[in-house]
Amino acid sequence: MTAIGAQAQRLLAHRRPQKSFFETLIRSLIILCVAIAVVLSSISVCDGRWLFARGQLFGLWHFCTVSNGSVLKCVTDLSLAKVEGLSMGVIPVRSMVSFAVVVAIFGLELLMVSQVCEDANARRKWSMGSVLILASFLLSAAGVLSFSILVKDHLTFTGFTLTYWCEFIAAFLFFLNGISGLHINSLTHPRNRVGKI
């Protein structure tokens, strides 16, 4: 065998196997769904008005009352809501859901970079991005649950606003896509095959 033939054999041996169309499609859909979840969560956190009950609107940033004539009067002092622990309890809720968006953005970035840059660390970047998306789920779910506990005396199923449901759906999407991302990575790159590559 000539030197050129030996080099060609070595190059072929070290080349990454091509991804199937189905795998690429699933990974693209995971990235798309995570991007949608980030947008939903961002909208929910920025608006922050999550519960409407008895003419009062409870939120992460504001407390509003509806007076006669449907005029909305909002204040940032949540102690005026006269809900025990709301003014102090909402601070960690804000932090959790805001940090969930930031962590999800970094996770989304890692997922996209792993697909654009097909290097030796692409699989590791994908796994790390999926773990960050799962961390976003934990933070979002903790924020949604904590807020619900804080205003438990005012809860009604129909009282939750659209932005609350945006955060709820975003948390659900973070969970599904984080788990799916880890699962597809383990299916397409089993541990025993990695050692042989």
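In this text the structure is predicted, and so the values were computed from the model without any measurement.

## Some words on the confidence of the model for the chain
- With 85% of its residues at a pLDDT of at least 70, the chain reaches an overall mean of 83.
- Within the chain, the element-level pLDDT minimum falls on helix H6 (residues 191-196), averaging 48, and the maximum on helix H4 (residues 122-150), averaging 93.
- Within the model, pLDDT remains below 50 along residues 192-197, and this stretch shows 3 contacts once partners closer than five positions in the same chain are excluded.

## Examining the pattern of salt bridges
- Going through the model one piece at a time under the given rule, you end up with 2 salt bridges.
- Note that Arg27 and Glu23 form a salt bridge whose closest N and O atoms lie 3.0 Å from each other. Residue Arg27 and its partner Glu23 are both found in helix H2 (residues 21-47); the two are separated by 4 residues, about one turn of the helix. Exposure class is identical for Arg27 and Glu23. Each is buried.

## Looking at the pairing of strand S3 (residues 63-67)
- Bridge count for strand S2 (residues 56-59) against S3 is 3 bridges, and the pairing is antiparallel. Within the sheet, the bridge partner assigned to Gln56 lies in S3 and is Thr65.
- From the end of S2 to the start of S3, which pair antiparallel, there are 3 residues.
- Pairing analysis gives 5 bridges linking S3 to strand S4 (residues 71-75), with the strands arranged antiparallel. Following the sheet pairing, Phe63 is matched in S4 by Val75.

Calculation criteria
- Residues numbered from 1 in each chain as written.
- Predicted model: local features only at pLDDT ≥ 70, side-chain atom pairs only at ≥ 80, totals over all residues.
- Heavy atoms only, no water.
- pLDDT = per-residue confidence, 0-100.
- Helix = DSSP H or I, 4+ residues; strand = E, 2+ residues; numbered from the N terminus.
- Contact = heavy atoms within 4.5 Å.
- Salt bridge = Lys/Arg side-chain N within 4 Å of Asp/Glu carboxyl O.
- Buried < 20%, exposed > 50% of the residue type's maximum accessible area, 1.4 Å probe, protein only.
- Pairing = 2+ DSSP bridges.

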